[in-house]
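Chain and residue survey
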Amino acid sequence: MHYENDENFFRGYEWWLMKEAKKRNPNITLIGLPWAFPGWVGRGKNWPYDFPDITASYVVSWIIGAKQYHNLDIDYVGIWNERNFDGKYIKVLRDMLDKVGLTDVGIIAADGDWSISNTMTVDPYLNDAVEVVGAHYPGTTTVLEALKTQKKLWSSEDYSTFNDEVGGGCWARILNQNYVNGLMTATISWNLVASYYEELPFGRDGLMTAEEPWSGNYVVESPIWITAHTTQFTQPGWSYLQTVGHLAQGGSYVALTDGEGNLTVVIETMTHDHSVCIRPPLLPYNVTSQNATFQLKGSFASIKQLQVWRSRFEFKTKKPAFFEKLTPLKLSDASFTLQLSTDEVYTLTTIKTGQKGSYSDPPPSARFPKLYKDDFNVANPHFSEAPDFADQTGVFEYYMNLTDSGPHVFTLRQVLTQRPVTWATDADQTISVIGDYKWENLTVTCDIFMETVKTGGVYIAARVDKGGQSVRSAKGVFFWVFTDGTYKVTNDIAGQTVLAEGLSGTRAYGWHTLSLTVKGQYASGLLNGYPLWKNAVVLAPKNGWAAIGTHSFELAQFDNFAVEAE
């Protein structure tokens, strides 16, 4: 919904991802959380709450579209990622959901800290509207006010840690201790799969890594196997037992049941230095090897045998063994004792369906190709975005240019015409990066088509050094042309450091070919195959991505993008 009258439920990869997840686990929970909103929702302000009915209608329309076009039932919806909440908006959203029959869709609030619980305890209508109090990166602890709401407590975003073995240790520790210490019954990882350029912010902060679509390489990292210790032996709807806690010599244990006689116990003995998460700081603590005895009572006393799964991180030998199935444990007098070393995870369970998945060897890792071309000639694309491009500000989509009688019928188009209500501090210019961050000497070529008279402008760029929430301060070599017939070469996306400028003769509604060559400390540019400027001095950055973009939030098209790197 880029524009108010634009309901499109086929953009992005998220619909595909949700449907693929449902194929594998029909019971998986689906949650929507706005990080940003279209500019029209804010009516020109970077704030979504002045017109709560408009914002609620936008969110509810998305939930309805998920069902109507993809047969996906959204189970929960949030408010605004890690930004201020508005009690009136939450109540309007709840009311609108109920009016259209979406009474089963729960509201999570407020996906930041626990402070909304203070308001909920004095506002019964807000308390009724919220089903789950969700906090981000709570450090395994909650607050008294959140407990007083008597709502479900979730760590509704957590982990976000580099996915090496320490990252796996972080995930093991918080999956248990978010409940042991904070009574949080759900822990949601951000992010799911690290499928973005590693030099962007939060590189490899996913449960596994698949960041090379050009090679097909992927890596099943340790957090995947740690996840399996819990998710293969429980399901949404299972309940934590009250008998959970810390082990005598460090570590923790939790126990869950489906209420029908099944029992799953998960134990972790992660040491401090091997389980540090990206945030918040982790206070010192000690874990040592120990024997731990567990006594089953009540309805579980009749259990005679438990399946056993174990992961050992083995930081000293660097030969970890993840998610190994051991010999089932026979119980004597409903009791068992385990010899626990440090940095281990155990699952003991009555569930017999556990299985360590297998996969063929992935293709070998490879750098981004030094020779790269994309003419965007895709008549029926599976996704709205072109492969390998990573939009940092703005949205670049496949476009069918039916008014073009020549070679530019299929193009890539920047489609946002209004600044969104942003979560991060986006740039004032749009930008999509591509390629190898280590590229130094390269030539970038692209056909461009500007659609804004007098004030429009586009650029191609090389050696772009920043993205994500730092994109406003991105440096590089940016070759701009404008619809007023001028050009400019700058050392930054903001256009403040000018390396060259002059007349170009470029206008709107005509195709032009830009070519940018950067080698060593010098850069040169061609327009329509002819030199326009040369030998601009570039002292920094030394390397970075290629990129395309626009001067503002404006329509513009790109075609026949190519890179030749040394």
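Residues numbered from 1 in each chain as written. Predicted model: local features only at pLDDT ≥ 70, side-chain atom pairs only at ≥ 80, totals over all residues. Heavy atoms only, no water.

Of all 10 residues in helix α9 (residues 222-231), 8 are buried, a share of seventy percent or more. The set of residues buried in α9 consists of Ser222, Pro223, Trp225, Ile226, Thr227, Ala228, His229 and Thr230. (Buried < 20%, exposed > 50% of the residue type's maximum accessible area, 1.4 Å probe, protein only. Helix = DSSP H or I, 4+ residues; strand = E, 2+ residues; numbered from the N terminus.)

Using the criterion set out here, one finds 1 disulfide in the structure. In this model, Cys170 is linked to Cys277 through a disulfide, with the two sulfur atoms separated by 2.0 Å. On the sign convention where negative is left-handed, the bridge of Cys170 and Cys277, at about 100° about the S-S bond, is right-handed. Here Cys170 is found in helix α8 (residues 165-180), whereas its partner Cys277 is found in the loop between β13 (263-268) and β14 (290-295), with 107 residues between them in sequence. Classification of Cys277 as buried rests on a relative accessible area of 8%. (Disulfide = S-S within 2.5 Å.)

Mapped onto the fold, Arg204 is located in the loop between β7 (193-194) and β8 (208-212). A residue is classified by how much of its surface remains accessible, and Arg204, at 18% relative accessible area, is buried. A polar atom in the side chain of Arg204 sits 2.8 Å from the side chain of Asn163. Not counting the four nearest positions on each side in its chain, Arg204 is found in contact with Thr161, Phe162, Asn163, Asp164, Ala194, Tyr196, Glu198, Thr209, Glu211 and Glu221. (Polar contact = N/O pair within 3.5 Å; in protein donor to acceptor, adjacent residues only side chain to side chain. Contact = heavy atoms within 4.5 Å.)

On to the packing of helix α3 (residues 52-70) against helix α4 (residues 87-99). Their axes nearest at 9 Å, the elements α3 and α4 cross at an angle of 45°. Taken together, α3 and α4 sit at an angle that is classed as oblique. Considering the relative orientation of α3 and α4, their crossing is right-handed. Contact residues: α3 offers Pro52, Asp53, Thr55, Ala56, Ser57, Val59, Val60 and Ile63, while α4 offers Lys88, Tyr89, Val92, Leu93, Met96 and Leu97. Of the residues assigned to the contact of α3 with α4, the class counts are 10 nonpolar, 2 polar and 2 charged. (Axes fitted to C-alpha atoms, helices over the stretch in contact; angles between N-to-C directions. Parallel < 35°, antiparallel > 145°, perpendicular 65-115°, else oblique. Left-handed = near helix turned anticlockwise from the far one by under 90°. Nonpolar A, V, L, I, M, F, W, Y, C, P; charged D, E, K, R; others polar.)

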